Amino acid sequence: MIKILFKSFGIHKNQKIKILIDITEFLYYGKETISIVTGTKPQNNTHKSIQFFTESVITEIYIIPICIKAITTDYPRKPKKLIQDLLVTLSEKIDISRIIGDSYFFNGEVKELL
């Protein structure tokens, strides 16, 4: 699937790829009865949110989302685990030249992993 996507955007097999990673958060005001509702810092009269880990490929022209994973109690928001999963999933399919993310992702554990 990824190979077809890359081909349609003109990304070649041996091309080094930059990956953008981020946590996207949507505030949640309902009951905490579903597993994708997690805690967050209090803001706008709630302390609950739905969070997603996103992975995107950056080209000279496009930012292409390739994966969106819900952060749940079963799949927690731990930087090392998120990066490990990313590397296992993508490194077999593409040549990753750089992973770009905010400082949340780049602590001591993650630096050792990379």
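Structure's up top.
Since we're looking at a predicted model, the values are computed, not measured.

Calculation notes
- Residues numbered from 1 in each chain as written.
- Predicted model: local features only at pLDDT ≥ 70, side-chain atom pairs only at ≥ 80, totals over all residues.
- Heavy atoms only, no water.
- Helix = DSSP H or I, 4+ residues; strand = E, 2+ residues; numbered from the N terminus.
- Buried < 20%, exposed > 50% of the residue type's maximum accessible area, 1.4 Å probe, protein only.
- Contact = heavy atoms within 4.5 Å.
- Areas by Shrake-Rupley, 256 points an atom, 1.4 Å probe, with all protein chains shown as cover.
- Lys, Arg positive; Asp, Glu negative; His and termini not counted.
- Charge placed at Lys NZ, Arg CZ, Asp CG, Glu CD.
- Expected span 1.5 Å × (residues − 1).
- Arc of directions from axis to C-beta.
- Pairing = 2+ DSSP bridges.

(A) Region of interest: the overall build of the chain. Secondary structure summary: the chain contains three helices and five strands in total. When its helices and strands are written in sequence order, the chain yields α-β-β-β-β-α-β-α. Counting only residues that meet the buried cut, the chain has 32% of its 114 residues in that class. Within the chain, contacts between residues separated by at least 24 positions form 56% of all contacts whose residues are at least 6 apart in sequence. When the accessible surface of the chain is totalled, it reaches about 7700 Å², and 54% of it is carbon and sulfur. In the chain, 16 positive and 12 negative side-chain charges are present, and the distance between their average locations comes to 3 Å.

(B) Geometry of helix H2 (residues 79-90). With 12 residues, H2 ought to run about 16 Å at 1.5 Å a step, and its terminal C-alpha atoms sit 16 Å apart, in line with that. Along H2, the residues classified as buried are Pro79, Leu82, Ile83, Asp85, Leu86 and Leu90. All buried residues of H2 project into a common sector of 160° when viewed along the axis, lining one side.

(C) Region of the structure containing the pairing of strand E1 (residues 16-27). Relative to strand E5 (residues 95-100), E1 is paired through five bridges, and the arrangement is parallel. Along E5, the bridge assignment pairs Ile17 with Ile96. For E1 and strand E3 (residues 46-58), the ladder comprises 10 bridges, and the chain directions are antiparallel. Bridging from a neighbouring strand, Asp22 pairs with Thr54 of E3.

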